[in-house]
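# Structure at a glance
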Amino acid sequence: MKNFLTLLKNGSVIGGIVMIVFYQIAFIAIFMSGYSAIPRNMDALSIAIVNEDVEAGKQIAEQLQKELPFKIVTDLSLDQAKEDLNNRDIHMVLHIPNDFSQKLSEQGEHPNLDFLINQSNPAMVTSTMDQISSQITNSLNQQFAVQGAEGIMLKLNMPEDQAKELAADIPSKVTPNVVYSNPVPAGMHNQMAPFFLTMVSYVGAMIFSMMVVGAMNMVKGKMGVWPAFWSAQGVNALVSLLAPLIGLTIYFLIQGGYGAETFVKVWLLHSLELFAAIEFMSIFSILLKDKAIFANLSLMLIQTISSGAVLTYGMMDGFYKFFSHISIMYYTIQTEFSILFGGGKIGENLTGLIIIAVVSTVIASLSFKFISPDIKNNDKTISTAS
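Being a predicted model, the structure only gives us computed values, none of them experimental.

As a further point, take the pattern of salt bridges. Evaluated as defined, the whole model comprises 5 salt bridges. In this structure, Arg40 and Asp317 form a salt bridge, with 2.9 Å as the shortest nitrogen-oxygen distance. With Arg40 in helix H3 (residues 37-40) and Asp317 in the loop between helix H14 (292-306) and helix H15 (318-324), this pair connects stretches of sequence that are 277 residues apart. The partner of Asp89 in a salt bridge is Lys345, with the nearest N and O atoms 2.8 Å apart. Separated by 256 residues along the polypeptide, Asp89 in the loop between helix H5 (78-86) and strand S3 (92-96) and Lys345 in the loop between helix H16 (328-340) and helix H17 (346-371) bring together distant segments of the chain.

Further remarks concern the packing of helix H10 (residues 193-223) against helix H11 (residues 225-242). Two quantities define a packed helix pair, namely the angle between the axes and the distance from one axis to the other. It is the contact of H10 with H11, at a shortest axis distance of 8 Å, that shows an interaxial angle of 145 degrees. Here the hand of the crossing between H10 and H11 comes out right-handed. Contacts between H10 and H11 involve Phe208, Val212, Met216, Val219, Lys220 and Met223 from the first element and Val225, Pro227, Ala228, Phe229, Ser231, Ala232, Gln233, Val235, Asn236 and Val239 from the second. By residue class, the composition of the contact of H10 with H11 is 12 nonpolar, 3 polar and 1 charged.

This part is about a nonpolar patch on the surface. Judged by side-chain polarity, Met1, Phe4, Leu5, Leu8, Ile17, Ile20, Val21 and Ile25 come together as a nonpolar surface patch covering roughly 800 Å² of accessible area. With 4 residues, helix H2 (residues 11-35) is the single largest residue contributor to the nonpolar patch. With respect to the secondary-structure elements, Phe4 resides in helix H1 (residues 2-8).

The next thing to look at is the environment of Val179. Along the polypeptide, Val179 turns up in strand S5 (residues 175-181). The contact partners of Val179, leaving out residues within four places of it in the chain, are Phe115, Leu116 and Ile117.

Rules and cut-offs
Residues numbered from 1 in each chain as written. Predicted model: local features only at pLDDT ≥ 70, side-chain atom pairs only at ≥ 80, totals over all residues. Heavy atoms only, no water. Salt bridge = Lys/Arg side-chain N within 4 Å of Asp/Glu carboxyl O. Helix = DSSP H or I, 4+ residues; strand = E, 2+ residues; numbered from the N terminus. Axes fitted to C-alpha atoms, helices over the stretch in contact; angles between N-to-C directions. Left-handed = near helix turned anticlockwise from the far one by under 90°. Contact = heavy atoms within 4.5 Å. Nonpolar A, V, L, I, M, F, W, Y, C, P; charged D, E, K, R; others polar. Patch = residues over 30% accessible without salt bridge, like charges linked within 9 Å, V, L, I, M, F, W, Y side chains within 5 Å. Areas by Shrake-Rupley, 256 points an atom, 1.4 Å probe, with all protein chains shown as cover.

Right under this line is the structure:
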């Protein structure tokens with residue numbers, strides 16, 4: 001019993017217990033608050049309705065704008081809507097062609113409603129938009145068949161008898177034309193690949209940053225503060241360049257289907273991510289020393305919510321939406337979606353990642369200098385004074 005109590009009072013054991021408790025609190029609190037946005041914030045998903053039909057299409061657009069529980073955008077041209085869809089600012093485009101009313105009024109014709117969906121998005125978004133496209137089509141067909149068909153035909157100056165005859169044929173009159181852009185290879189592992197590849201680099205950076213800061217503190221007495229710091233940056237850059245090759249090679253060999261150009265782009269992206277993450281988390285390792293794990297682990301968990309891998313930006317609650325602007329994982333995952341599957345804003349997201357890397361390096365250097373006086377120079381001053 002005495003040995004048991006002695007071990008229980010050991011600092012390492014106490015530290016381990018503290019980490020177990022802290023991890024549970026942080027993980028549950030952050031994930032419960034972050035993912036509660038589903039389905040609470042589903043109405044933040046956006047659908048652009050582009051109507052080119054001035055008759056029945058106009059009525060449909062007005063009706064859907066009132067009934068759909070999403071953010072509806074109606075003032076975009078088809079080209080602009082497609083661009084916003086590619087940039088993930090819009091989550092689906094509903095296009096009503098200019099010949100919709102004409103085909104609706106003709107026997108044997110089945111007018112299309114065009115649904116444009118960008119698959120280079122979180123799985124929840126694409127599956128939701130798929131369901132909505134089917135629901136809209138079914139709802140319109142039911143409406144035309146039961147209530148609206150005869151009225152629409154009469155408004156088009158069609159004889160009453162012909163309107164009734166066409167109304168009976170309308171239960172399957174409208175057909176959905178779903179057009180997918182930026183297709184993702186089959187399998188949940190592919191849909192989540194940007195998140196997995198980003199997370200593994202970030203976790204590695206969290207561990208490495210603590211070790212490299214410890215090494216800087218060990219050698220600063222011999223080298224001096226600035227030589228120790230900048231030597232460490234060289235090590236950080238080399239590790240960031242080479243380390244991602246291992247995990248990426250495994251993924252690309254197993255998955256296949258990508259060319260060398262895609263591999264190089266993803267490699268350089270994760271090299272930049274790894275360097276930015278090391279610099280970012282080194283700040284807390286310098287300032288908080290062995291307590292840095294509490295800050296770095298919490299920030300990592302927050303970034304899993306604000307990364308955009310499961311929740312789109314618009315669906316995030318305010319705190320996570322704000323944090324996405326300074327989230328290494330957000331910029332990396334959004335860029336990787338575009339590289340692997342297609343999409344826009346690559347330059348914008350890379351710029352955000354570069355800014356975080358540069359700012360983090362500057363803050364880390366000032367932090368290291370501020371709390372780590374040049375011991376070698378101080379020793380020389382003391383010797384001279386003596």
